[in-house]
Amino acid sequence: MTAPAGGSLLESVRPRQALRPAGFWRSALTVALKDLRAELRTKQALNASLAFSVVILLLFSFAFDPTAEETRALAGGLLWLVFAFAGALIWNRSFARELPNDCLDGLLAAPISGAALYAGKAAANWLLLMAVELAGLAAFGVFYNAAWTSRFWPLLGVLALGTWAVTVVGTLFSALTVNLRLRELMLPLLVYPLLIPALLAAIQLTGPLAVGQAASAEAMLWLRLLGAFDIIFTALALGLVEAVLVS
Amino acid sequence: MTALELEQVWKFYGDFPALRGISLRLDPGACLALLGRNGAGKSTLLRILAGLSRAGRGQVRVLGTDPRERQARARIGVLGHGLSLYEELSALENLTLFAKLYNLAEPARRARQWLERIGMASAGEGLVREFSRGMRQRLAIARAFLHEPDLLLLDEPFTALDDRAVAVLQELLAEARREGRTVVLSTHQLREALEPASHVALLVRGRLAYAGERRREMLEDAGWLYRTYGEGT
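Residues numbered from 1 in each chain as written. Chains lettered and ligands numbered in written order. Predicted model: local features only at pLDDT ≥ 70, side-chain atom pairs only at ≥ 80, totals over all residues.

A.B. asks: Run through the overall build of chain A, naming residues and quoting values.
C.D. replies: Each helix and strand counted, chain A has nine helices and zero strands in total. In chain A, the succession of helices and strands from N to C terminus is α-α-α-α-α-α-α-α-α. Each principal axis of the C-alpha distribution contributes one length, and for chain A these read about 85 × 35 × 30 Å. Looking at chain A as a whole, 47% of its 247 residues qualify as buried. Counting only contacts in chain A whose residues sit at least 6 apart along the sequence, the fraction spanning at least 24 positions is 86%. (Helix = DSSP H or I, 4+ residues; strand = E, 2+ residues; numbered from the N terminus. Buried ≥ 20, exposed ≤ 12 C-beta atoms within 10 Å, placed from the backbone. Contact = placed C-beta atoms within 7 Å.)

A.B. asks: Which residues make up the pairing of strand S5 (residues 76–79) of chain B, and what values go with them?
C.D. replies: Residue and element names in this part refer to chain B. Residues Ile-76 and Val-78 of S5 are buried on one face, and the alternating residues Gly-77 and Leu-79, pointing to the opposite face, are buried as well. As judged from the four bridges shared by S5 and strand S6 (residues 151–155), these two strands associate in the parallel manner. Directly across from Gly-77, in S6, lies its bridge partner Leu-152. (Pairing = 2+ DSSP bridges.)

A.B. asks: Any details on unusual backbone geometry? Residues and values, ideally.
C.D. replies: Within the chain, Asp-65 of chain A stands out as a residue other than glycine whose phi angle is a positive 40°. Topologically, Asp-65 of chain A is positioned in the loop between helix H3 (44–64) and helix H4 (68–96). Even without a glycine there, the phi angle at Glu-106 of chain B is positive, about 45°. Mapping Glu-106 of chain B onto the fold places it in the loop between helix H3 (91–101) and helix H4 (107–117).

A.B. asks: I'd love a proper account of the confidence of the model for chain A, names of residues and values included.
C.D. replies: A low pLDDT score tells you not to read the predicted coordinates there in detail. Put simply, chain A has an average pLDDT of 90, and 92% of its residues get 70 or more. Contacts of residues 2–15 of chain A to residues separated by more than four positions or lying in other chains number 25 contacts, the stretch itself having pLDDT below 50. (pLDDT = per-residue confidence, 0-100.)

A.B. asks: For the interface of chain A and chain B, give the residues involved together with the corresponding values.
C.D. replies: Facing 36 residues of chain A, the contacting portion of chain B comprises 45 residues. Listing elements by their share of the side of chain A that touches chain B, those giving two or more residues are helix H1 (8–12), helix H2 (24–42) and helix H5 (103–109) of chain A. Element by element, the count of residues in the side of chain A that touches chain B is highest for H2 of chain A, at seven residues. Looking at side-chain class alone, the side of chain A that touches chain B contains 19 nonpolar, 10 polar and seven charged residues. (Nonpolar A, V, L, I, M, F, W, Y, C, P; charged D, E, K, R; others polar.)

A.B. asks: Give me the lowdown on the sheet that holds strand S4 (residues 57–62) of chain B, citing residues and values where you can.
C.D. replies: Residue and element names in this part refer to chain B. The three strands lie next to each other as S2-S1-S4, forming an open sheet whose pairing is antiparallel. Looking at which strands have only one partner, the edges of the open sheet turn out to be strand S2 (16–26) and S4. Between one strand and the next, the sheet's axes are offset by a mean angle of 25°, whatever the strand orientation. By the bridge criterion, five bridges tie strand S1 (residues 4–13) to S4 in an arrangement that is antiparallel. Among the inter-strand pairings, Glu-7 is bridged to a residue of S4, identified as Gln-59. (Axes fitted to C-alpha atoms, helices over the stretch in contact; angles between N-to-C directions.)

Following this line, the structure appears as structure tokens:
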């Protein structure tokens, strides 16, 4: 087929202004800020996740009324189970937020890479889950009489690494399950088995720090495992997400 | 360089072929009316051209490159069935978001200009969820035209539009045609599609039944194309 007339048509398809697409970090930041703004306005995932964390911690403290020694033994496991389940509430919303009005099509049609879109969403999820974890940690300190504030900075570092590990996998599977009818059920079922190494490491590292004690002798080993998990799964997710989003 | 070029394109949903061997070529500046009944494959074809879906088989080139290339997408404007607007963000925030994603200079200023242009300057701070259907439609049109794309892919753009939104869209389409931009317009509303079209393609059950210039008979008798190349009226 041909254009109706005129040699000026080819001329006219020249870009009207600089059409260079935005870079990876800028695109990711735009998506992250959009997600955070939307979430802070509705607070759908944040409220659910926060309420879940505090209620579970409260119920456990009433149910078992643990001694200081018992608290030390269960702190890491309890906290990370709560954080992982609270995270699922946030990840589920991450891509589901794009379903009304076909917003995901708008993002995919824009000149940003799937990797930048994913990175922005993962960063927003990480920040939201970190906020929930810090609130949960405060509740943990009150309900279990745990002096975690004396080890705040190492604990924050472990939380940051562990939260990225669970978020990077959770956000990828949020993209994968977004069009499933049972996505709220499917997401945790698919994600948690993959998270076992990261959760094990985070539990081991968090346990002593959460009750104000020094890290264990094997801490470096667990830290390396957590760091390697973060790097490997971030690279995998960034490489795979384009194929997940555009079929 | 062609505006778009498809070579033996197939798309399968499971075992079902939604598109069957589509070959099509459109030069820059043309306006293609993509016609066909519901389920004929119009939206599937537009999604592939927009880079929202991949062809199962065949070659697709848009503005000289793969539609999933970011350089191509920067020059394509898409208006689909959904409005692609965030309900929890304001009109201004929505347009600014997309201006940033398209890497436009001064995104907030550009967004305000477009709000004025579609007659929504005073509603810029209002949340989209509080808007009427007509306001949302105008905002979605502004989102699709915001970056002055060289290729416009419009899927049933006149469906359920109110009068003001129709006027905005018709004005923008006329301007796009004057500026020599390429337009692909899918619809089953024959009159509205055929008037601005320079070319017509008719899809019947995923196959291209007709592709060529718009002919006089099509304007005089809207059903002529379907009777001649389709499955009757």
